[in-house]
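# Coordinate inspection notes
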Amino acid sequence: MVARNPVWNTVKYLSLLVASFLVLFPPYIIVVNAFKTKDEFNTKSTMSLPDSFIHLANFGHAFEQANMSRAFGNTLIIVAVTLFFNILLGSAFCYAVGRFNFKGKGLLLGLFLMATVIPSITTQVVNYKTIQHLHLTNTLGGPILLYIGADILQIYIYLQFIRNIPYDLDECAMIEGASLFRIYWQVIFPLLAPATATIIILKTISIYNDMYTPFLYMPKPELVVVSTSLMRFFGVNSGDWQSVSAAIIMIMIPTAVIYLFLQKYIFAGVTSGAVK
Amino acid sequence: MLSNLSFKKQRLIIILGFTIIPLLLLLTFSYYPTLELIHLSFTNWDGMSPDKSWIGWDNYKEVFSNSELFGVFTHNFAYFAVGIVQNIAAIYFAIVLNGKLKGKLFFRLLLFLPYILNGVAVSYLFGYVFDTTNGSLNLLLHSIGLSGDTSWLGNEHFVNFTLASIGFWKFMGFNMVIYLAALQSIPGDLYEAASIDGATGWKQFLYITLPNIYKIIELNFFLTVTGALEVFDLPFVLTNGGPAGHSETYVMKILETAFQFNNYGLASAMSVVLLLFVVVVLSIQRLIFSRKGE
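Since this is a predicted model, take the numbers as computed values, not measurements.

## Regarding the overall build of chain B
Looking only at helices and strands, chain B features 14 helices and 0 strands. From first element to last, N terminus to C terminus, chain B shows the α and β order α-α-α-α-α-α-α-α-α-α-α-α-α-α. A compact globule built from 294 residues should have a C-alpha radius of gyration of about 19 Å, whereas chain B, at 24 Å, is more than 25% larger. Taken along the three principal axes of its C-alpha coordinates, chain B extends 75 × 70 × 45 Å.

See the structure below:
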C-alpha cells in the first residue's frame, strides 16, 4: 500500500523493535528475579540473570503464603458458574430478540445499549446495598450475580452471530414439527458454538483480572481470588521482591497460556465486540 | 409439550421467558442503582441509618466547591493526555502491521499480550520497575548515563503520568487490534486506484485510511475519555493515592467517601456528576463526529 522506500522500512522495523523491548522489559525483570536467592538478589544487579532457573523456593513460598490453591479454586468456581448462566441467558435472549419481531424490541435493545454508558464503578454504591439485602456479601454468590447481570458483552457477540444463521434452518425445523424451544436448543445453540467459545475466553479473562468486585464484596480471607490473594501477599511481603515476582508470575501464567493457544478467538471476540 | 401449542403461543412464551431474566438483572444492577443514586444524591444518608433526610442541592454544591473533591479531576488529565498519545501509537502500529512485513503475526501477538495479563499483577510488576532504589528503570537509565535516582511514584508532579504510562503499556495493543480490524475492512482496490492516480503513502493515509477508520477513532476516543475519567485500579493498588493524595482519582474519592466515610449522599452526588460527564462527552462527540462524517 505505502510505497516501498528504505527510510520508511527502517522506521517501521526500528519502531517495532523498540515497542517489543518496552513490552518485554518489565516481565523480563520479574522473571529473572523470581529465580534469585536472597543473597543473589542483594548482591547482583536486578537486570542480571539468576545463577540457576531451578531455584524454585520463591514460588513455593508465594504459593503457600498467598493461599493460591484456594484463590485459584474460588476463581474457578466463580468463572464456571458465571459462564454457565451467561451462556444460557445470553444465547436464549439473543434467540428471542434475533428471531422474532415484537413490540418493545427496540426499547429492550436500547436499554441494554444505553446501560454501557453508565460507569459501572459508580453503581457499586447502591449495588453494595442490594447484595447486602440479598445476604450475598461474603459469599461467592455476590460477585457471580453481579458478573452475570452487569455484563452485556455476550449479548453483542451472540446477536452478531445469530443474524448470520440463515432463517431457512428455523423454517425447515418448524415444518418437521419442532417446537420453537427445540429449535433454539437443537438448531441454534449448537450453531452458536464459535460465539460461545469467544465468550468463554473473554469472560474468563475479564473475571480473572477483576480486582474490585471480589475486594469489595468478599473481604473474608477464605474467599480470596487470584487478584485479592496477590494484594494480600504484597501487603505482607512488600520489600521481598523475589517472592513478589514469583507470585506475579504465577498469577500471570494462566491467562498468558490461554492467550497463546486461543489468540485467534480472542482477537475475533475483541474486534466483533468493539466494531459493531 | 410445547409443540402442542400453536406457534403464536410458543412465540409469546419464548419472548417472555427468554428475555425476562436478563432484563430483570439489567434493571436491578444498572438502572435501579442509577435512579437510586440520583435519589440518594439529594439526601445526607450515611449508609446505615433508616432515615434519609432530603437536603436539596447541598451535596452538589459540596462537590463543585470543595476543591478536595472536584480538584482531583486534574489528576485524571494525565490519563487523558497519555490516552491520546496511546491512540496515535495504536493507529501507527495498526498501519505498520497491516502492511507487508516480516513477522507481523508475531508482533501483533506480542503487542496485544499486556492486555491479557492480570491488572493487579501488572500494577505490582510496574511498582518494581519504577521503584526508586531497586527499580530497573532507574538502573537502566543509570547504565546509559542518565540520572538514576528519580522517584517515579513518589513525585507529585509526574506520579500520574507514571501511572498513566502503565495504562499505555497495558492498553495500546488492545486499541491497535481494534484499529487493525477497521483497516482490514477497507477494500484494497481503493488504494490501488489511488496509487494509479499518483497518490503517495501520506496522501493515501489522509484521504483513504483516515476517513475509513473514522467511526473506530470515534469509539476509541470515547473509551479514552471515559477511561481517563474512571481510572481507578492502578493508583488504588500501586500508590493508594500517594504521595499526599496527588495520585488520587475521582472514582477513588467516590468509593472512599461512600465506604470509608459512610457519606453515601455525597458519594452519590459525585457519581451522578461523573455519569453526567460521560453523557456530555458522548453528546459532544456525537455532534462533532456526525457533522464531520457527512
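## So, the domain arrangement of chain B
Each assigned domain of chain B is listed with its residue range as follows: domain 1 (1–31) and domain 2 (67–291). Each of domain 1 of chain B and domain 2 of chain B has a C-alpha centre, and the two are 40 Å apart.

## Regarding the pattern of salt bridges
Under the definition given, this model contains 7 salt bridges over all chains. In this structure, Arg99 of chain A and Asp170 of chain A form a salt bridge, with 3.0 Å as the shortest nitrogen-oxygen distance. With a gap of 71 residues between them, Arg99 of chain A in helix α4 (residues 68–99) and Asp170 of chain A in helix α9 (residues 167–175) connect regions that are remote in the sequence. With its nearest N and O atoms 3.7 Å apart, the salt bridge here joins Lys215 of chain B to Glu218 of chain B. Of the two residues, Lys215 of chain B and Glu218 of chain B both sit in helix α11 (residues 214–229), 3 residues apart, roughly one turn of that helix. Ionic contacts of the salt-bridge type, sharing partners, join the residues Glu40, Lys44 and Asp51 of chain A into one network.

## A short note on the UniProt feature "transmembrane region" (unreviewed entry) in chain B
Per the UniProt record, the feature "transmembrane region" (unreviewed entry) sits at residues 12–32, 77–97, 109–130, 158–182, 219–238 and 264–284 of chain B. Segment residues 12–32 of chain B splits into 100% helix and 0% strand. End C-alpha atoms: 26 Å apart.

## Observations regarding the UniProt feature "domain: ABC transmembrane type-1" (unreviewed entry) in chain B
In this numbering, the UniProt entry assigns the feature "domain: ABC transmembrane type-1" (unreviewed entry) to residues 76–285 of chain B. In residues 76–285 of chain B, the share of helix is 75% and the share of strand is 0%. The end C-alpha atoms are 19 Å apart.

## Here we look at the interface of chain A and chain B
Between chain A and chain B, the residue contacts involve 92 residues of the former and 89 residues of the latter. Between chain A and chain B, a total of about 8,300 Å² is buried, with carbon and sulfur atoms accounting for 81% of that surface. Where chain A packs against chain B, one counts 0 salt bridges. Where chain A meets chain B, there are 18 residue pairs in polar contact (both at pLDDT 80 or more).

## Things to note about helix α5 (residues 105–114) of chain A
Residues of α5 of chain A that are buried include every one of Lys105, Leu108 and Phe112 of chain A, and no others. Buried positions in α5 of chain A, seen along its axis, are confined to an arc of 70° and lie on one side of it. Away from the buried face of α5 of chain A by more than 90 degrees, exposed residues Gly106, Leu107 and Met114 of chain A are located. Here the buried face of α5 of chain A lies against α4 and α8 (153–163) of chain A together with α1 (7–40) of chain B.

## Here's the deal with the UniProt feature "transmembrane region" (unreviewed entry) in chain A
All names here are of chain A. Under the feature "transmembrane region" (unreviewed entry), the UniProt entry names residues 76–95, 107–128, 140–162, 183–208 and 241–262. For residues 76–95, the helix share is 100%, the strand share is 0%, and the end-to-end C-alpha distance is 28 Å. The span residues 107–128 is 59% helical and 0% strand by assignment, and the distance between its end C-alpha atoms comes to 28 Å.

## Side note on a nonpolar patch on the surface
All names here are of chain A. Together, Ile77, Val81, Phe84, Phe85, Leu88, Phe181 and Trp185 line one region of the surface with nonpolar side chains, adding up to about 620 Å² of accessible area. Listing elements by their share of the nonpolar patch, those giving two or more residues are α4 and α10 (180–191). By residue number, the principal contributor to the nonpolar patch is α4, which donates 5 residues. The residue Phe181 is located in helix α10 in this model. Classification of Phe181 as partly exposed rests on a relative accessible area of 37%.

## What about the side chain of Thr82 of chain A?
Residues and elements named next belong to chain A. Position of Thr82 relative to the elements: it lies in helix α4. The exposure class assigned to Thr82 is buried, which follows from its relative accessible area of 0%. Setting aside residues up to four positions removed in sequence, Thr82 forms contacts with Ile144, Tyr147, Ile148, Lys203 and Ile207.

## Quick look at the packing of helix α13 (residues 226–237) of chain A against helix α6 (residues 119–129) of chain B
Put simply, α13 of chain A and α6 of chain B touch, their axes get as near as 8 Å, and they point 30° apart. Of the possible angle classes, the one that applies to α13 of chain A and α6 of chain B is roughly parallel. Of the residues in α6 of chain B, those touching α13 of chain A at Ser227, Leu230, Met231 and Phe234 of chain A are Val120, Ala121 and Tyr124 of chain B. The class makeup of the residues in the contact of α13 of chain A with α6 of chain B is 6 nonpolar, 1 polar and no charged.

## Let's talk about the packing of aromatic side chains
All chains considered together, the criterion is met by 51 aromatic pairs over all chains. Consider the rings of Tyr212 of chain A and Phe232 of chain B, whose centres lie 4.7 Å apart with planes at 90°: the pair is edge-to-face. A residue pair is termed interchain when its members come from two chains, as with Tyr212 of chain A in helix α12 (residues 212–217) and Phe232 of chain B in the loop between α11 and α12 (233–238). Of the two residues, Tyr212 of chain A and Phe232 of chain B, neither departs from the other in class, the shared state being buried. Members of the aromatic cluster, each reached through a chain of ring pairs, are Tyr95, Phe100, Phe181, Tyr184, Trp185 and Phe189 of chain A together with Phe18 of chain B.

Scoring rules and cut-offs
Residues numbered from 1 in each chain as written. Chains lettered and ligands numbered in written order. Predicted model: local features only at pLDDT ≥ 70, side-chain atom pairs only at ≥ 80, totals over all residues. Heavy atoms only, no water. Helix = DSSP H or I, 4+ residues; strand = E, 2+ residues; numbered from the N terminus. Rg over C-alpha atoms; globule rule 2.2 N^0.38 Å. Domains from an automatic or database assignment. Salt bridge = Lys/Arg side-chain N within 4 Å of Asp/Glu carboxyl O. UniProt positions renumbered as here; feature names shortened; annotations may be inferred. Contact = heavy atoms within 4.5 Å. Buried area = accessible area lost by both parts, 1.4 Å probe. Polar contact = N/O pair within 3.5 Å; in protein donor to acceptor, adjacent residues only side chain to side chain. Buried < 20%, exposed > 50% of the residue type's maximum accessible area, 1.4 Å probe, protein only. Arc of directions from axis to C-beta. Patch = residues over 30% accessible without salt bridge, like charges linked within 9 Å, V, L, I, M, F, W, Y side chains within 5 Å. Areas by Shrake-Rupley, 256 points an atom, 1.4 Å probe, with all protein chains shown as cover. Axes fitted to C-alpha atoms, helices over the stretch in contact; angles between N-to-C directions. Parallel < 35°, antiparallel > 145°, perpendicular 65-115°, else oblique. Nonpolar A, V, L, I, M, F, W, Y, C, P; charged D, E, K, R; others polar. Phe/Tyr/Trp six-rings, centres within 6.5 Å; stacked < 30°, edge-to-face > 60°.

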